[in-house]
Amino acid sequence: MFHRKHGVQGMSDSDDLFIREDPIFVNKELLEISHLPDEGRIVGRDEEIGQLANAVNPAIFGQSPSNVLIYGKTGTGKSLCAKYVSRRLVGTAEEEGVDAVFAYVDCAQDTTETQAVQTIASSVNTEETEIYIPDKGISTATYYKRLWRILDQKYDVTLIILDEIDKLEDDAILMQLSRAGEAGKVTDCKIGVMGISNKIKYKDRMDERVKSSLCEREFVFPPYNAGQLNEIMAARNDAFRNGVLEDAVIPRAAALAAREHGDARKAIDILRYAGEIAQAKGAETVREEFVVQARERAEVDRFRELIRGSTPHSRYVLQALTVLSLEHNPEGAYSDAADETDGFRTTRVYDVYEQICRQEGADTLSLRRVRDLLKEHAFLDILEQSRHSGGSAEGSYTEHTLLEDPEVVRDVLAETVS
Ligand SMILES: Nc1ncnc2c1ncn2[C@@H]1O[C@H](COP(=O)(O)OP(=O)(O)OP(=O)(O)O)[C@@H](O)[C@H]1O
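Conventions adopted
Residues numbered from 1 in each chain as written. Predicted model: local features only at pLDDT ≥ 70, side-chain atom pairs only at ≥ 80, totals over all residues. Heavy atoms only, no water. UniProt positions renumbered as here; feature names shortened; annotations may be inferred. Near = heavy atom within 4 Å. Polar contact = N/O pair within 3.5 Å; in protein donor to acceptor, adjacent residues only side chain to side chain. Areas by Shrake-Rupley, 256 points an atom, 1.4 Å probe, with all protein chains shown as cover. Helix = DSSP H or I, 4+ residues; strand = E, 2+ residues; numbered from the N terminus. Expected span 1.5 Å × (residues − 1). Buried < 20%, exposed > 50% of the residue type's maximum accessible area, 1.4 Å probe, protein only. Pairing = 2+ DSSP bridges. Core = buried A, V, L, I, M, F, W, Y, C linked by side-chain atoms within 4.5 Å. Contact = heavy atoms within 4.5 Å. Axes fitted to C-alpha atoms, helices over the stretch in contact; angles between N-to-C directions. Lys, Arg positive; Asp, Glu negative; His and termini not counted. Salt bridge = Lys/Arg side-chain N within 4 Å of Asp/Glu carboxyl O. Patch = residues over 30% accessible without salt bridge, like charges linked within 9 Å, V, L, I, M, F, W, Y side chains within 5 Å. Charge placed at Lys NZ, Arg CZ, Asp CG, Glu CD.

Looking at an unreviewed UniProt entry, one finds the protein chain named ORC1-type DNA replication protein, with Natrialba taiwanensis DSM 12281 as its source organism. Looking at the protein chain in UniProt, the text filed under Function (unreviewed entry) is "Involved in regulation of DNA replication."

Given below as structure tokens:
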């Protein structure tokens, strides 16, 4: 009986179990982070795009492009501009009769040399080469051999984008890529590397030889201001149905994102989440009040993304500061205003860090290394550092204040415990 009734209902032409038309979004892909906008939608990066293009320009004549390193805080358009310039370069080179290709590697995903070389080889390979690149099961050396053969056989120029290059376990692949030509492994194809990092000190860790060959040109992308974030979002407002997005939403989201980090990813996330909140509430329009809730969600996501693939010690250091912040400001007492919480001196953070290492059964890093890790977190606005003068007896010292909500940090760190 039930089946029959259900069947009849299912067959009627007005089954309202599913929503057939999204009432809020009409083209939601525009708000997906992986979406690569067209030129008209890239805002405030003309200069950076021009400089990058200039660095790789020789490639369109089949000559060696400069190797570049792009630095900047998260969400400043580094990956976007690198991919955009590479895509245009391949098109222009083709018009000039030069076979060009680019490969994109997310080094937070492909952290080992083998994974990275496999990704490059499989992304530039085509059926014509009749070379097989298995997902796994062959040695790193064999992946390289096959990669060099593909490059020689098919291309005049190859650009390799290594995003989050600092997440690579070591410099081995950089060494190989930078020396492929001179070592005679690849004779007919020029290789250019675009490294991307949000660790401003990354270069200091590089092997000297790799550094001199890979850092021919360096660019630093600044954070966006509210006006630019406004434009970036406005250029994608056709993700929403006509008339659904209330006028105050984008300016509010832009103001929030600019005040905190100038991060376009976060701004776009806020906009998408505000739409999803409207959907979930069955609201007819996306209202300004949804932006505040959306921001909280975007903040958690942003933090999760920031520490994705970070080293255990980088997380222990953060955990130490979080423990101190929570002790100082017990559950629920945290306020958004960072200046209401006191900072903690490096030595205090280090003491707690040592305890955490003991619990985790890990050896401790030196105080100097921990200081560097704290600096890296400060660059990404996870924490803030302030210098204090302790008087003649004490000398000056640094204090660290967590800028993220310590409860969010604690929860996200707990998810990623190895
Ligand atoms: N100038 C811009 N115009 C339009 N969209 C932008 C712009 N800059 C960034 N975006 C968008 O913001 C998001 C984040 O940008 P992107 O991934 O390039 O940042 P990133 O600097 O590489 O950050 P991360 O270091 O976290 O990887 C993407 O969806 C991108 O399309």
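Novice: Describe in detail the site of the ligand, supporting the description with residues and values.
Specialist: Not every one of the 22 residues close to the ligand is listed here, only the nearest: Val-43, Thr-74, Ser-79, Tyr-224 and Arg-265. Contact between the ligand and Lys-78: an oxygen atom at 2.7 Å from a side-chain N or O atom of the residue. Measuring from a nitrogen atom of the ligand, one finds a side-chain N or O atom of Arg-236 at 2.8 Å. Here the ligand, which alone exposes 630 Å², has 96% of that area covered by the protein. Mapped by element, the contributors of at least two residues to the shell around the ligand are helix H3 (78-95) and helix H10 (264-281).

Novice: Quick one: what's the story with the UniProt feature "domain: AAA+ ATPase" (unreviewed entry) in the protein chain, residue by residue and with numbers?
Specialist: When the UniProt feature table is mapped onto this chain, "domain: AAA+ ATPase" (unreviewed entry) is found at residues 64-225. The distance from the first to the last C-alpha atom of residues 64-225 is 35 Å, and the span holds 37% helix and 20% strand.

Novice: Now, about H10: what can you tell me, with residues and values included?
Specialist: When the terminal C-alpha atoms of H10 are compared, their 26 Å separation across 18 residues agrees well with the 26 Å that a helix rising 1.5 Å per residue should span. Across the 18 residues that make up H10, a large majority, 14, are buried. A distance of 2.8 Å separates the backbone nitrogen of Arg-265 from a side-chain oxygen at the start of H10, and that oxygen is part of Asp-263.

Novice: Which residues make up the sheet that holds strand S7 (residues 383-389), and what are the values?
Specialist: Sheet architecture is open: three strands sit in the order S6-S8-S7, paired in antiparallel fashion. Each edge of the open sheet is held by one strand with a lone partner, namely strand S6 (344-345) and S7.

Novice: Go over the nonpolar core, please, and point to the residues and values.
Specialist: With 37 residues, the main nonpolar core has Trp-148, Leu-151, Leu-162, Ile-173 and Leu-174 as its most contacted residues. When contributions to this core are tallied by element, the ones reaching two or more residues are strand S1 (68-72), strand S2 (100-106), helix H4 (113-124), helix H5 (140-154), strand S3 (157-163), helix H6 (172-179), strand S4 (190-197) and helix H7 (208-214). Take this core: its biggest share by element is six residues, from H5. Setting aside chain neighbours within four positions, we find Leu-174 in contact with Leu-162, Ile-165, Leu-168, Tyr-202, Met-206, Val-210 and Leu-214.

Novice: Got a sec to walk through the sheet that holds S1? Specific residues and values, please.
Specialist: In spatial order, the strands read S2-S3-S4-S1-S5; together these five strands make up an open sheet with parallel pairing. The open sheet has two free edges, formed respectively by S2 and strand S5 (217-221), since each of these has just one partner strand. Averaged over all pairs of adjacent strands, the angle between strand axes in this sheet comes to 15°, irrespective of strand direction. Sheet strands in contact with H4 are S2 and S3, and its direction is about 145° off that of S2.

Novice: Hey, could you go over the side chain of Arg-236 for me, with residue numbers and the actual values?
Specialist: By secondary structure assignment, the location of Arg-236 is in the loop between helix H8 (226-234) and helix H9 (249-260). Buried charge without a salt bridge: Arg-236, with Asp-238 as the nearest opposite-charge side chain at an N-O distance of 7.9 Å. Within polar-contact distance, the side chain of Arg-236 engages the backbone oxygen of Leu-30 at 3.0 Å. When residues no more than four places from it in sequence are discounted, the contact partners of Arg-236 are Leu-30, Leu-31, Glu-32, His-35, Pro-37, Arg-41 and Ile-268.

Novice: So what about a positive patch on the surface? Which residues, and what values?
Specialist: On the surface, Lys-201, Arg-368, Arg-371, Lys-375 and Arg-387 cluster together into a positively charged patch. With three residues, helix H14 (residues 367-379) is the single largest residue contributor to the positive patch. Accessibility expressed as a relative area gives 39% for Arg-371, which makes it partly exposed.

Novice: Can you explain a negative patch on the surface? Please cite residues and give values.
Specialist: Where like charges cluster on the molecular surface, the negative patch consists of Glu-94, Glu-95, Glu-96 and Asp-99. In this fold, Glu-95 is placed in helix H3.

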